[in-house]
Amino acid sequence: MAAQPGSGIAHDPRWLAAGAGGFLAAAAELWLIRGLPGGMLMGWFASLPLLAAGFAAGPVAAISAGGLAGVLLWLVSGPWPVLHFAALAGLPGMALPLLAMRPQGFVPGGAMVFFGLYPLLLLGWGAMEFAAYPGGVMGMLADSIRQAMQEFPALAVSETMQARVARLIPVLLALWLAVITSINAMIAQRLLARRGFALLPSLDLAAVRLPFWYALLPPAAAGVWLMDLDDGLRLAVFLILLLPFFFQGLAGVHRRSAGLRGRGVALTGFYVLMVYFLPTIGPAVVALGLYDQWARRAPRGGNPT
């Protein structure tokens, strides 16, 4: 959908997509921050218009849509909504088209790396912001959980359990961000492809593979964490860096299920079980992703990785 020479902005599909995406993303964020009914759900889908603009008209459209949404939010509500939008929806929605779209099609390796490194940037910002807080950012999270337990006695747990939950919150937030952004990307691409507006053909999840160099980061983070097992921040860094391997493990599940009868039912059952037994199945999926990073073989119904 390249721009036509001599045509104005009103006839340039890139700017039309950027304008529509920017206005819709800003509206979704405003719906959330104003506390309107269904605001939380609208906030989850705030990156969807940016991704749709990018997948329909290219990365420039996604970046322009994000910039327009930020300007609109600043004019209407000030800087804090802009920061909230940028951190949770704007930057992910602009980064995925930029990192994954290539002339030959989607190359998702860079986008997957983003899900491992971007949460670390947010965590690093939080560590600097709460450096003076007792216990740092992890101490702040532990105190937040303690206050929540006081407000909702029915959810009260032991101090030990509160400490464990606080250590996992950064990882759970990173997982939530990656899952929501990925779902929005799949919805955007599917809607565009059905209407013939998609710039690139849809990606086969089984083709997902991380760059070789990324596999060196989790062992390095694990080594740093093992130097101080009580440091919750180091543990969070190690687990967040494993998230891309979780998604690569899911790709491995899809690749190995190719050719199976009732593949859709089998995959649906797998995802349902994973939701209910995530503490058990999650590490196994990560292990599969790590294995596929190094192994080169031809799975059932697929091509050699």
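See above for the structure.
Calculation criteria
Residues numbered from 1 in each chain as written. Predicted model: local features only at pLDDT ≥ 70, side-chain atom pairs only at ≥ 80, totals over all residues. Heavy atoms only, no water. Helix = DSSP H or I, 4+ residues; strand = E, 2+ residues; numbered from the N terminus. Buried < 20%, exposed > 50% of the residue type's maximum accessible area, 1.4 Å probe, protein only. Contact = heavy atoms within 4.5 Å. Areas by Shrake-Rupley, 256 points an atom, 1.4 Å probe, with all protein chains shown as cover. Phe/Tyr/Trp six-rings, centres within 6.5 Å; stacked < 30°, edge-to-face > 60°. Expected span 1.5 Å × (residues − 1). Bend = angle between axes of the 7 residues up to and from the residue. Axes fitted to C-alpha atoms, helices over the stretch in contact; angles between N-to-C directions. Parallel < 35°, antiparallel > 145°, perpendicular 65-115°, else oblique. Left-handed = near helix turned anticlockwise from the far one by under 90°. Nonpolar A, V, L, I, M, F, W, Y, C, P; charged D, E, K, R; others polar. Core = buried A, V, L, I, M, F, W, Y, C linked by side-chain atoms within 4.5 Å. Salt bridge = Lys/Arg side-chain N within 4 Å of Asp/Glu carboxyl O.

Focus on the overall build of the chain
Argument step 1. Summing up its helical and strand segments, the chain has 13 helices and two strands in all.
Argument step 2. Evaluated residue by residue, the chain yields a buried proportion of 43% over its 305 residues.
Argument step 3. At a minimum sequence separation of 6, the contacts of the chain that also span at least 24 residues come to 71%.
Argument step 4. Carbon and sulfur atoms form 72% of the exposed surface of the chain, whose accessible area is close to 16,400 Å².

Let's talk about the packing of aromatic side chains
Argument step 1. Enumeration according to the criterion identifies ten aromatic pairs in this entry.
Argument step 2. Here F55 and F106 contribute two aromatic rings whose centre-to-centre distance is 5.3 Å and whose plane-to-plane angle is 85 degrees, an arrangement assigned as edge-to-face. Of the two residues, F55 sits in helix 3 (residues 48-57) while F106 sits in strand 2 (residues 105-106), which places them 51 residues apart along the sequence. Across the pair, exposure class does not vary: F55 and F106 are buried alike.
Argument step 3. Here F246 and F247 contribute two aromatic rings whose centre-to-centre distance is 5.6 Å and whose plane-to-plane angle is 80 degrees, an arrangement assigned as edge-to-face. The residues F246 and F247 share a single accessibility class, namely buried.

Some words on helix 5 (residues 79-100)
Argument step 1. Over its 22 residues, helix 5 runs 29 Å from end to end, which matches the ideal 32 Å to within 8%, given 1.5 Å per residue.
Argument step 2. Approximately 60 degrees is the largest bend angle found in helix 5, and it occurs at A86.
Argument step 3. Taken residue by residue, helix 5 has P81, V82, F85, A89, G90, P92, G93, M94, A95, L96, P97 and A100 as its buried positions.

Quick word on the packing of helix 9 (residues 217-226) against helix 10 (residues 232-241)
Argument step 1. Two elements in contact, helix 9 and helix 10, have axes separated by 9 Å at closest approach and are oriented at 165 degrees. Judged by the inter-axis angle, helix 9 sits roughly antiparallel to helix 10. Note that helix 9 runs across helix 10; the crossing there is left-handed. Facing helix 9, whose interface residues are L217, P218, A221, A222, V224 and W225, helix 10 presents R234, L235, V237, F238 and L241.
Argument step 2. Split into classes, the residues belonging to the contact of helix 9 with helix 10 amount to ten nonpolar, no polar and one charged.

Focus: helix 4 (residues 59-77)
Argument step 1. Taking 1.5 Å as the rise per residue, helix 4 with 19 residues should run 27 Å; its terminal C-alpha atoms sit 27 Å apart, in good agreement.
Argument step 2. Those residues of helix 4 lying buried are A61, A62, A65, G66, A69, G70 and L73.
Argument step 3. In this fold, the buried residues of helix 4 make contact with helix 1 (13-33), helix 3 and helix 5.
Argument step 4. Looking one or two residues beyond helix 4, the residue adopting positive phi is G78, at roughly 95 degrees.

Some thoughts on the nonpolar core
Argument step 1. Of all hydrophobic cores here, the largest spans 51 residues; its most connected members are F55 and F246.
Argument step 2. Residues within four places of F55 in sequence aside, it is in contact with P97, M101, F106, A185, A188, Q189, L192, F197, A198, L199 and L200.
Argument step 3. Judged by nonpolar contacts, the second largest core, of 17 residues, contains A57, A61, A65 and A89.

Brief notes about the pattern of salt bridges
Side chains bearing opposite charge may pair, as long as their charged atoms lie close to each other.
Argument step 1. Tallied over the full model, the rule gives two salt bridges.
Argument step 2. A salt bridge links R255 to D292; the nearest nitrogen and oxygen atoms lie 2.9 Å apart. Here R255, found in helix 11 (residues 243-257), pairs with D292, found in helix 13 (residues 278-294); they are 37 residues apart in sequence, far enough to count as distant.
Argument step 3. Residue classification places D292 among the buried positions, given a relative accessible area of 3%.
Argument step 4. Salt-bridge contacts for R256 lead to D292; the nearest nitrogen and oxygen are separated by 2.7 Å. Of this pair, R256 sits in helix 11 while D292 sits in helix 13, and the two are 36 residues apart along the sequence.
Argument step 5. A single salt-bridge network, built from bridges that share partners, covers R255, R256 and D292.

Examining the side chain of S182
Argument step 1. Note on placement: S182 falls in helix 8 (residues 159-194).
Argument step 2. What makes S182 buried here is its relative accessible area of 17%.
Argument step 3. The residues touching S182, leaving out its near neighbours within four places in the chain, are F115 and F247.

Note that every value here comes from positions in space, so none of it alone points to a role or purpose.
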